[in-house]
Amino acid sequence: MIDKTQVQHVAELSKLAFSDAELEQFTEQLADIMKMTDELNKVDTTGVPVTTHMNNLQNIVREDVAQAGTDREILMKNAPDSADGLLKVPAIMDKEED
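Given the structure is predicted, the values throughout are model-derived calculations rather than measurements.

Parameters and conventions
- Residues numbered from 1 in each chain as written.
- Predicted model: local features only at pLDDT ≥ 70, side-chain atom pairs only at ≥ 80, totals over all residues.
- Heavy atoms only, no water.
- Polar contact = N/O pair within 3.5 Å; in protein donor to acceptor, adjacent residues only side chain to side chain.
- Helix = DSSP H or I, 4+ residues; strand = E, 2+ residues; numbered from the N terminus.
- Buried < 20%, exposed > 50% of the residue type's maximum accessible area, 1.4 Å probe, protein only.
- Phe/Tyr/Trp six-rings, centres within 6.5 Å; stacked < 30°, edge-to-face > 60°.
- Salt bridge = Lys/Arg side-chain N within 4 Å of Asp/Glu carboxyl O.
- Expected span 1.5 Å × (residues − 1).
- Contact = heavy atoms within 4.5 Å.
- Axes fitted to C-alpha atoms, helices over the stretch in contact; angles between N-to-C directions.
- Parallel < 35°, antiparallel > 145°, perpendicular 65-115°, else oblique.
- Nonpolar A, V, L, I, M, F, W, Y, C, P; charged D, E, K, R; others polar.

Caption draft 1: Broad picture of helix α1 (residues 4-13). The distance from a side-chain oxygen at the start of α1 to the backbone nitrogen of Thr5 is 3.1 Å, and the residue carrying that oxygen is Asp3. Positive phi appears at Lys15, one or two residues downstream of α1, with a value of about 60°.

What follows is the structure, encoded as structure tokens:
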């Protein structure tokens, strides 16, 4: 099924470092998971509908309808500095340009 060498290989690919005790523990856990997966694969699911959600939810998101935004003049009242309906911000200088 799966052995310590394979788990160590995957750990190295994932840039993970495990102690020998952790490696042993993860090997056992992964082997158990793989056994459960094998058991589930044996179950006959013919005619069983695919379940993607536990609740039978319909689309509950509001409809995407365009709405008028806030007037620009009202928004610009909070801006510290603006010109011609745009926000003015300090220039960002490249260190080499100083």
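Caption draft 2: Highlighting unusual backbone geometry. Phi is positive for Lys15, which is not a glycine, with a value near 60°. Tracing the chain through its elements places Lys15 in the loop between α1 and α2 (20-42). Of note in this structure, Asp84 is not a glycine but carries a positive phi near 55°. Examined against the element boundaries, Asp84 turns out to sit in the loop between β1 (82-83) and β2 (86-87). According to the relative accessible area criterion, Asp84 is exposed, its value standing at 82%.

Caption draft 3: View of the packing of aromatic side chains. Scanning all chains against the criterion turns up 1 aromatic pair. Ring geometry for Phe18 versus Phe26: centroids 4.7 Å apart, planes at 50°, classification tilted. Of the residues examined, Phe26 reaches a relative accessible area of 27% and is grouped as partly exposed.

Caption draft 4: Expanded view of the pattern of salt bridges. For the structure shown, the criterion picks out 1 salt bridge. When the shortest N-O distance is used, the salt bridge between Glu24 and Lys4 registers 3.6 Å. Here Glu24, found in helix α2, pairs with Lys4, found in helix α1; they are 20 residues apart in sequence, far enough to count as distant. For Glu24, a relative accessible area of 34% translates into the label partly exposed. You can call Lys4 partly exposed: its relative accessible area is 34%.

Caption draft 5: α2, seen in detail. With 23 residues, α2 ought to run about 33 Å at 1.5 Å a step, and its terminal C-alpha atoms sit 33 Å apart, in line with that. Among all positions of α2, only Leu23, Thr27 and Ala31 are buried. Buried residues in α2 make contact with α1.

Caption draft 6: A look at the side chain of Thr27. Topologically, Thr27 is positioned in helix α2. A polar contact is formed between the side chain of Thr27 and the backbone oxygen of Leu23, at a distance of 2.6 Å. Dropping the residues within four chain positions of it, Thr27 is found in contact with Ile2, Asp3, Lys4 and Val7.

Caption draft 7: Seen up close, the packing of α1 against α2. As a packed pair, α1 and α2 sit with axes 9 Å apart at the nearest point and diverge in direction by 105°. When the interaxial angle is binned, α1 and α2 end up roughly perpendicular. Counted together, Lys4, Val7 and Gln8 of α1 and Leu23, Glu24, Phe26, Thr27 and Leu30 of α2 form the full contact between these two elements. Per-class residue counts for the contact of α1 with α2 are 4 nonpolar, 2 polar and 2 charged.

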